[in-house]
Amino acid sequence: QVQLVESGGGLVQAGDSLRLSCAASGRTFSTYTMGWFRQAPGKEREFVAVISWSGGTTDYADSVKGRFTISRDNAKNTVYLQMNSLKPEDTAVYYCAATPRTYYSTNYSQIRSYGYWGQGTQVTVSS
């Protein structure tokens, strides 16, 4: 069982940066593939980024590639999402998610691949 709690959201201006954190409980965190998703008002939840259990492999949605960086600290049971050059279209509730399946054995961009979710943190980017 893994419980996830996101933090770090807020209101920023276009071009600013934010770092989201996702703190996980459970001793098996270090073996989980972790993902970030987001959901804007009136839109479906979408994939943002994913990181393998070791942190050695990552992938990103095209819309955030080059601006966002996902990382993890298994000693702290925490995964991060560094968001730079934020745009108004990045406004959404951001969720972290966890799956015990390995990076290459799961369709990590799909919501159904993850069994554990946090409650979300709001990110608002003003123009």
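Computed from a predicted model, the values in this text were never measured in an experiment.

**Looking at the sheet that holds strand S7 (residues 68–73)**
Reading across from one edge, S1-S3-S8-S7 is the order of the four strands in this open sheet, with antiparallel pairing throughout. The two strands at the open ends of the sheet, each matched to only one other strand, are strand S1 (3–7) and S7. Within the sheet, the average angular offset between the axes of one strand and its neighbour, ignoring direction, is 15 degrees. Here S1 pairs with strand S3 (residues 18–25) via five bridges, running antiparallel. Residue Ser7 lies in a different strand from S3, and its bridge partner there is Ser21.

**Examining the nonpolar core**
In this structure, Met34, Trp36, Leu81, Met83 and Tyr94 are the most contacted members of the largest nonpolar core, which totals 36 residues. Taken together, the elements giving at least two residues each to this core come down to S3, strand S4 (33–39), strand S5 (46–51), S7, strand S8 (78–83), strand S9 (92–99) and strand S11 (121–126). Excluding residues that lie within four positions of it along the chain, Leu81 makes contacts with Leu18, Arg19, Leu20, Trp36, Val48, Ala49, Phe68, Thr69, Ile70 and Tyr94.

Reading guide: rules and limits
- Residues numbered from 1 in each chain as written.
- Predicted model: local features only at pLDDT ≥ 70, side-chain atom pairs only at ≥ 80, totals over all residues.
- Heavy atoms only, no water.
- Pairing = 2+ DSSP bridges.
- Helix = DSSP H or I, 4+ residues; strand = E, 2+ residues; numbered from the N terminus.
- Axes fitted to C-alpha atoms, helices over the stretch in contact; angles between N-to-C directions.
- Core = buried A, V, L, I, M, F, W, Y, C linked by side-chain atoms within 4.5 Å.
- Buried < 20%, exposed > 50% of the residue type's maximum accessible area, 1.4 Å probe, protein only.
- Contact = heavy atoms within 4.5 Å.

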